[in-house]
Amino acid sequence: MKITHWIYLEEVDSTSTWLKENAKQYTHNATVIWSSRQTRGKGRYDRTWVSDPGGLYFSVLLLPNFDQVTPETLVRSFSEFLTSYALLSWNLELWVKPPNDVYYQSKKLAGILIENIFYGEQLEATILGVGINVNQVFPPDFDFGSANLGYQPVSLAQLLGREIDIEGLLKDLVSNWNPPL
């Protein structure tokens, strides 16, 4: 996918929130915002996540033809792309837990979220938000505290035994994904 704008913020409440609040400035497909840290990253059911350095947190503004593409199709498309990318790049067999999580065996590696932008009643744009555990190290007894989400996280660094260049990974993922727009 050809990216029209790359925006980096060292820290932001949420890349998706920032992009939604500033979407009118970016009228072209494929504006990407990414951050090293989110203080109020988003999950399903309005869950918030503190996303510390070491992960890849980004959102993409998409302006698809909504007569042909649904926002759910975009989530599925990126999830399936990420599993294929991991297999080809690192020989990691990932799987998608519908509707929006990517796992390695029983451990969560990534989450994908869609937010829609309406002008009046008209669906105008979609924001694809992605969080991938890249260089964090999660102990086997990692505690989510009161969230009690029922899964153990894992990072690419833990699976591969080495750190990953986060910016390089972002640019490779986004430029090689061909969303059904």
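The shown structure was predicted, so the numbers you read here are calculated from the model rather than taken from an experiment.

Next up on the list: the confidence of the model for the chain. Per-residue confidence for the chain gives a mean pLDDT of 86; residues scoring 70 or more make up 89%. Ranking the helices and strands of the chain by mean pLDDT puts helix α3 (residues 156-160) first, with 97, and strand β3 (residues 48-51) last, with 58.

Okay, the environment of S14 next. Among the structural elements, S14 can be located in the loop between β1 (5-12) and α1 (15-21). When its relative accessible area of 1% is taken as the criterion, S14 is described as buried. In sequence terms S14 and F58 are 44 residues apart; their C-alpha atoms lie 8.8 Å from each other. Within the structure, S14 has its side chain in polar contact with the backbone nitrogen of S16 (distance 3.2 Å).

This next bit is on the environment of F81. With respect to the helices and strands, the residue F81 is situated in helix α2 (residues 71-90). C-alpha separation for the pair F81 and N178, spaced 97 residues apart in sequence, amounts to 8.5 Å. Contacts of F81, omitting those with residues within four sequence positions, involve L173, N176 and W177.

Time to look at the pattern of salt bridges. The full count for this structure, using the stated rule, is 4 salt bridges. Note that E115 and K20 form a salt bridge whose closest N and O atoms lie 3.6 Å from each other. Residue E115 is found in strand β7 (residues 107-119), and its partner K20 is found in helix α1; the two are separated by 95 residues along the sequence. When its relative accessible area of 37% is taken as the criterion, K20 is described as partly exposed. Of the charged contacts, one joins K171 and E167 as a salt bridge, the two residues approaching to 3.0 Å between their closest N and O atoms. Taken as a pair, K171 and E167 lie in helix α4 (residues 166-176) at a separation of 4 residues, close to a single helical turn.

Taken as a whole and judged by the stated rule, the model has 1 cavity of 30 Å³ or more. For the largest cavity, the calculated volume is near 40 Å³. Lining the largest cavity, in full, are L82, Y85, A86, W90, L94, L109, I132, L156, L169 and L173. Of all the secondary-structure elements, those providing two or more residues to the lining of the largest cavity are α2 and α4. The biggest single contributor to the lining of the largest cavity is α2, with 4 residues.

Structurally, the position occupied by W18 is in helix α1. As a C-alpha pair, W18 and I33 span 15 residues in sequence and 8.4 Å in three-dimensional space.

Reading the values: the criteria
Residues numbered from 1 in each chain as written. Predicted model: local features only at pLDDT ≥ 70, side-chain atom pairs only at ≥ 80, totals over all residues. Heavy atoms only, no water. pLDDT = per-residue confidence, 0-100. Helix = DSSP H or I, 4+ residues; strand = E, 2+ residues; numbered from the N terminus. Buried < 20%, exposed > 50% of the residue type's maximum accessible area, 1.4 Å probe, protein only. Polar contact = N/O pair within 3.5 Å; in protein donor to acceptor, adjacent residues only side chain to side chain. Contact = heavy atoms within 4.5 Å. Salt bridge = Lys/Arg side-chain N within 4 Å of Asp/Glu carboxyl O. 1 Å grid on protein atoms, 1.4 Å probe; cavity = no way out; pocket = protein on both sides within 12 Å on 5 of 7 lines; lining within 4 Å. Points joined across faces, edges and corners; volume = space filled by probe spheres on them.

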